[in-house]
Amino acid sequence: MDDGFLMEVCVDSVESAVNAERGGAGRIELCAGLVEGGTTPSMGLLQVVKQCVRVPVFVMIRPRGGDFLYSDREVEVMKADIRLAKLHGADGLVFGALTEDGRIDTELCTALLAVCRPLPVTFHRAFDMVHDPLVALETLISLGFERVLTSGCDSSALEGLSLIKRLAEQVTSPARCVTSGLFPPGGGITERNLQRILEGSTASEFHCSARSARDSGMKFRNPNVAMGASFSAPEYSIKVADVAKVRTLNAIAKNIL
């Protein structure tokens, strides 16, 4: 964590993971389905990423898109994925679970944390869907989560900056021994707003994807067929972590631009 900041880049491919590390990322969050906010990646992806990068790789555990209220069978999938991720070299894990009334599912989180240990665990942006973020934060600290990824319960970290700052003030008093690294802001972070977010949040970590669109190498293209729903990403444009963007964000965080 050079110069007091650690940049975590969210990636869904080997290419993006390599680019993130080349650009200066200090940690990778490995996912699939970024269009849905991130789901559990394949273990093949994890294995190859671990072969290609040296920075820590935290693995998303989320069996599907949508809400964070999970059935018993989905919980079994999550536990199995945690065990497999540990087996294949995950350095940390990322998950979140809520009750139907928008509170932290303490029973489920406790059970999943037990499967994750001794690896560190991040509670992801399910936090941004809670009924009362101040109460939820106290719950997560008491459960033992190392960090809470949040956009301040708003559409982006910039929009939610006032709540992120309030959360930090709530728990970072000298008597509590909790650091600002507990709250890596994430959501809509770009080179245009990162400085304002870091200065306003007093965060020591931040989370971004730093992606750009890259045109597909396919020469033959069928414009009449799409492989997903109408809102899905086009088949002939691939989004990957952009080395230049990652470097720019890293430089801003280090205050050397």
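The preceding data block contains the structure.
Owing to the predicted nature of the structure, the values given are computational and were not obtained by experimental measurement. (Residues numbered from 1 in each chain as written. Predicted model: local features only at pLDDT ≥ 70, side-chain atom pairs only at ≥ 80, totals over all residues. Heavy atoms only, no water.)

### Focus on the nonpolar core
One broad trend across soluble globular proteins is that nonpolar side chains are buried collectively. Defined as follows: To form a nonpolar core, buried Ala, Val, Leu, Ile, Met, Phe, Trp, Tyr and Cys residues must be joined to one another through side-chain atoms within 4.5 Å. Any residue under 20% of the maximum accessible area for its type is buried, any over 50% is exposed, and the rest in between are partly exposed; the area is computed with a 1.4 Å probe on protein chains only. Residue contacts follow a heavy-atom distance rule, with two residues in contact if any of their heavy atoms lie within 4.5 Å.
In this structure, Val9, Leu93, Phe95, Phe123 and Phe206 are the most contacted members of the largest nonpolar core, which totals 69 residues. Look past the residues within four positions of Leu93 in its chain and what remains in contact with it is Phe58, Val59, Ile61, Ile82, Ala85, Lys86, Cys116, Leu119, Pro120, Val121 and Thr122. The next biggest cluster of nonpolar side chains, apart from the first, holds 6 residues, and it includes Cys10, Cys31, Phe58 and Met60.

### Looking at the pattern of salt bridges
A side chain of one charge can pair with a side chain of the opposite charge if their charged atoms are brought near each other. Worth spelling out the cut-off: Each reported salt bridge corresponds to a side-chain nitrogen of Lys or Arg within 4 Å of a carboxyl oxygen of Asp or Glu.
For the coordinates displayed, the defined rule picks out 11 salt bridges. One salt bridge connects Asp215 with Arg221, and the closest N-O pair in it is separated by 3.0 Å. Here the residues in one salt-bridge network are Glu8, Arg27, Arg147 and Glu205, joined through shared partners.

### Comments concerning the pairing of strand S3 (residues 57-60)
Our working definition: Numbering of helices and strands runs from the N terminus; a helix is a DSSP stretch of H or I covering at least four residues, while a strand is a stretch of E covering at least two. When DSSP finds two or more bridges between two strands, those strands count as paired. A crossover counts as right-handed when, viewed with the strands pointing away from the observer, the path leading from the first strand over the helix to the second turns clockwise.
Residues Val57 and Val59 line one face of S3 and the alternating positions Phe58 and Met60 line the opposite face, and both faces are buried. Examined bridge by bridge, strand S2 (residues 27-30) and S3 share 3 bridges and lie parallel to one another. Within S3, the residue paired with Ile28 across the bridge is Val57. Taken together, S2, helix H2 (residues 43-52) and S3 form a β-α-β motif whose crossover is right-handed. Where S3 meets strand S4 (residues 92-95), 3 bridges bridge the pair, whose relative direction is parallel. By the bridge assignment for S4, Val59 is matched with Leu93. Crossover connection from S3 via helix H3 (residues 72-87) to parallel S4: handedness right-handed.

Function cannot be inferred from these measures alone, as they are strictly geometric.
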